[in-house]
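An overview of the molecular structure
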Amino acid sequence: MPAEWEKQSAVQLTWPHEATDWAPILPEITAVYEEMAREIRKREKLIIVDDIPHNDTWARDHGFITVEQLSTPNSQRLRVGEQSSGILSTLLLDFQFNGWGEKFPAELDNQINRQLYDRGLVKGIYEPHLDFVLEGGSIESDGKGTVFTTECCLMAPHRNQPLTKANIEDRLKTYLGAERIVWLQHGSLLGDDTDGHIDTLVRICPNDTLLYIGADEAHPDLVEMERELQQLKTLEGHPYRLLKLPLPRPIYDEGYRLPATYANYLVINGAVLVPTYGQPDLDQEALDIIRQAFPDREMVGIDCQAVIKQHGSLHCCTMQYY
């Protein structure tokens with residue numbers, strides 16, 4: 001599975017409409033999507049899902065997950081350090097999306113990928129795995145054999161029972177071509193509907209760097225997550241370089257705290273799109289810290305105060321293709 005910072009062919013947005021939960025703030029959220037679309041389109045191809053029926057707009061979780069495969073007589077996922085005279089091809093992995101453990105309707109979202117493929121809007125080899133629930137926001141790859149995830153998400157109810165942790169790990173390794181799966185035991189945000197997606201907590205960056213969110217008094221579990229990260233080693237046995245992101249000051253909607261996080265950024269060709277939350281000091285601090293991990297890319301802040309009202313952010317709205 002490629003790292004997000006590798007060369008991309010396109011990014012997908014699934015567009016808000018009045019039949020989604022965005023209806024009360026449709027003009028506001030549409031403006032955010034238009035800004036994301038402009039920034040992506042400056043740098044690479046943009047796929048907009050608009051005329052395919054959909055329940056909601058979280059492309060990260062209902063979109064294809066792409067991996068690379070060597071097209072040889074014994075075709076296999078590309079693994080670290082492998083050399084081959086075969087042709088490298090892209091696999092479009094179509095997993096089941098079930099509304100984060102059957103919390104929300106998702107039957108239309110779960111059919112988007114096949115329709116995109118049948119219409120020729122995405123290129124690659126279609127590979128269905130609709131008997132397995134896997135959301136793009138629940139995994140992070142370094143592109144060289146390690147995939148991060150969280151136990152609280154992949155082991156959550158109504159996803160893949162009765163599969164055990166070992167069963168799920170075996171599938172992830174097979175499907176994603178991974179050498180190892182790093183399972184974080186801690187990390188969660190108040191207001192999170194996903195049961196702890198890794199892309200809200202910890203992001204893998206070039207040069208064995210991890211960006212992760214810090215803690216406040218409402219998130220003691222994040223302190224334990226930081227201790228986990230401090231003990232982690234790379235495949236080569238070295239400590240990771242750790243960069244701590246601030247946690248936005250609390251944002252509430254109708255009395256409920258929303259899961260705002262600066263970790264939910266999107267890496268695209270030549271830039272990083274970073275969610276901001278109308279908190280200029282912390283927004284700038286987050287941009288500066290993420291720039292340390294991606295010094296050769298432009299930092300582009302996208303105001304996600306509207307997006308967070310539906311408990312997601314910028315990375316959740318998008319899915320990249322290779």
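The structure this text deals with has already been given above.
Residues numbered from 1 in each chain as written. Predicted model: local features only at pLDDT ≥ 70, side-chain atom pairs only at ≥ 80, totals over all residues. Heavy atoms only, no water.

**Observations regarding the overall build of the protein**
Stated precisely, the cut-off is as follows: Runs of E in the DSSP output that reach at least two residues are strands. Runs of H or I that reach at least four are helices, and both are numbered from the N terminus. Burial here depends on accessible area, computed with a 1.4 Å probe over protein chains only, as a share of the maximum for the residue type. Under 20% is buried, over 50% is exposed, and the range in between is partly exposed. In this description, contact between two residues means that some pair of their heavy atoms is separated by no more than 4.5 Å. Counted as positive: Lys and Arg. Counted as negative: Asp and Glu. His and the chain ends are not counted at all. Charge positions are represented by NZ for Lys, CZ for Arg, CG for Asp and CD for Glu.
Scanning the protein from N- to C-terminus turns up eight helices and 18 strands. Based on the C-alpha atoms only, the size of the protein along its principal axes is roughly 55 × 45 × 45 Å. With 322 residues in all, the protein has 58% of them scored as buried. For the protein, the proportion of contacts with a sequence separation of at least 24, taken over those separated by at least 6, is 75%. Here the protein contributes 29 positive and 50 negative side-chain charges, whose respective centroids are spaced 5 Å apart.

**Observations regarding the sheet that holds strand 8 (residues 146–150)**
Short version of the rule: Should DSSP find at least two bridges between two strands, the strands are taken to pair. Each axis is a line fitted through C-alpha atoms, and for a helix only the stretch in contact is used; angles between axes span 0 to 180 degrees, taken between their N-to-C directions.
Here three strands make up an open sheet; going across it, the order is 7-8-9 and the pairing mixed. Sheet topology places strand 7 (140–141) and strand 9 (180–184) at the edges, where each strand pairs with a single neighbour. The pairing of strand 7 with strand 8 spans two bridges and is antiparallel. Bridge pairing in strand 8 places Glu-140 opposite Phe-148. The sheet contacts of helix 6 (residues 165–176) involve strand 8 and strand 9, and relative to strand 9 the element is tilted by about 135°.

**Describing unusual backbone geometry**
Residues Gln-161 and Pro-162 are joined by a peptide bond in cis, for which omega reads 10°. For Pro-162, the position within the fold is in the loop between helix 5 (151–154) and helix 6. Phi at Asp-195 takes a positive value of approximately 70°, unusual for a residue other than glycine. Here Asp-195 shows up in the loop between strand 9 and strand 10 (202–205). A positive phi angle, close to 70°, is found at His-311, a residue other than glycine.

**Details of the layout of surface pockets**
The following threshold applies: Put simply, the grid is 1 Å and covers the protein atoms alone, a cavity is a trapped set of points that fit a 1.4 Å probe, a pocket is an open set with protein on both sides within 12 Å along at least five of seven lines, and lining residues have an atom within 4 Å of a point. Grid points are joined across faces, edges and corners, and a volume is the space filled by probe spheres set on the points. Any residue outside Ala, Val, Leu, Ile, Met, Phe, Trp, Tyr, Cys, Pro, Asp, Glu, Lys and Arg is labelled polar, Gly included; the first ten of those are nonpolar and the last four are charged.
Estimated volume of the largest pocket: approximately 470 Å³. Lining the largest pocket are 26 residues, with Trp-58, Trp-100, Phe-104, Asp-193 and Gln-310 sitting closest to its centre. Looking at the lining of the largest pocket residue by residue, the classes come out as eight nonpolar, ten polar and eight charged.

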